[in-house]
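Coordinate inspection notes
Chain by chain, the residues run as shown.
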Amino acid sequence: MASSSSSPAPMIAERRGIPAATFVEDVETYLTQLGLDVNSSLSFLQERLQQYRLVEMKLLAQQRDLQAKIPDIEKCLDIVATLQAKKGTGEALTADFEVSEGIYSRASIKDTDSVCLWLGANVMLEYSCEEANALLQKNLENAKASLEVLVADLQFLRDQVTITQVTIARVYNWDVHQRRIKQSA
Amino acid sequence: MQQGGGSETEVTWEDQQNINKFGRLNNRFHELEEEIKIAKETNENLEDASNELILSDEDVVRFQIGEVYAHMLKVEERLETMKGKASEELQRLEEEKESIIAQMAELKKTLYGKFKDSINLEED
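Residues numbered from 1 in each chain as written. Chains lettered and ligands numbered in written order. Predicted model: local features only at pLDDT ≥ 70, side-chain atom pairs only at ≥ 80, totals over all residues. Heavy atoms only, no water.

**Section: the packing of aromatic side chains**
Inspection of the entire model under this criterion finds 2 aromatic pairs over all chains. On the numbers, 5.2 Å between centres and 50 degrees between planes, the contact of Phe 23 of chain A with Trp 13 of chain B is tilted. Within this pair, whereas Phe 23 of chain A is found in the loop between β2 (18-19) and α1 (27-34), its partner Trp 13 of chain B is found in helix α1 (residues 13-55), the two belonging to separate chains. The pair formed by Phe 23 of chain A and Trp 13 of chain B is uniform in burial state, with each residue classed as buried. (Phe/Tyr/Trp six-rings, centres within 6.5 Å; stacked < 30°, edge-to-face > 60°. Helix = DSSP H or I, 4+ residues; strand = E, 2+ residues; numbered from the N terminus. Buried < 20%, exposed > 50% of the residue type's maximum accessible area, 1.4 Å probe, protein only.)

**Quick notes on the UniProt feature "coiled-coil region" (unreviewed entry) in chain A**
The UniProt record marks residues 133-160 of chain A with the feature "coiled-coil region" (unreviewed entry), using the residue numbering of this structure. Between the first and last C-alpha atoms of residues 133-160 of chain A the distance is 41 Å; the span itself is 100% helix and 0% strand. (UniProt positions renumbered as here; feature names shortened; annotations may be inferred.)

**So, the environment of Asn 20 of chain B**
Looking at the secondary structure, you find Asn 20 of chain B in helix α1. Discounting chain neighbours no more than four positions away, the residues touching Asn 20 of chain B are Asp 159, Thr 162 and Ile 163 of chain A. (Contact = heavy atoms within 4.5 Å.)

**Observations regarding unusual backbone geometry**
All names here are of chain A. With a phi angle near 55 degrees, Ala 121 is a residue other than glycine that sits in the positive phi range. Along the chain, the position of Ala 121 falls in the loop between β5 (114-120) and β6 (123-128). The exposure class of Ala 121 is exposed, given its relative accessible area of 75%. A positive phi is found at Asn 122, a non-glycine position, where the angle reads about 55 degrees. Look at Asn 122 and you get exposed, because its relative accessible area is 71%.

Structural data, given as structure tokens:
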């Protein structure tokens, strides 16, 4: 990890398993340090870029999953809240629900203290309204927190992709520049 | 965003961070455009729904909560709350978009200032 005296923020070596792209201060020093010629270093950088892209796709898929999960949890919270609101009045809640595509049936939901929550993996548990609320809130918070971490990971990853792309361009340009100098010499 | 030319302008860590920041802002800008589109649709749908409600004569409205349609009587209030939230959300997104556009313009000035033709920050 290196940082010059005038840089605004320090470099991070890696984040959650994603290696950081080394920032190149000077192309010539970089190439001599690595001991690679231009073509090998370019292919190394390209390979790194590919690896970053793979991780990016994985993270994007996870992000889509979380972004679908959050509205689902919010809908469940909504229903539990509606049931709780109806509890005081003593009336039954009439609801139309989908039995099959395009076919709906009517249900009368009487005053109730408990709800059943689908936990996944063919498991459904009965909870009291308060417990259900607490569980759903916790799930919602966890999902939102995971999403935040994921978004930060993606930003870090995209930064590394940008750094690698810029390094590739600079190595290439340096090579072109060197060839021009040699030609004119 | 591509770089071209065979010039020898040095790239400092600060420049790199500016480029990174521009990339992040650009990504966020595109995400926001998508989100704003969805938010506008939601706003329109709620508007249509409340207009339909005024026109319809029935007392009982089948209001969608989650996956079921619950029979409710006092739907107007709920709808108004939803409309309020939706328009607040839309405004928040629009403001974020404005801020990002301003920040990107600043960065463009700085980066074009240093790199001139060696850098391209336009949409392809």
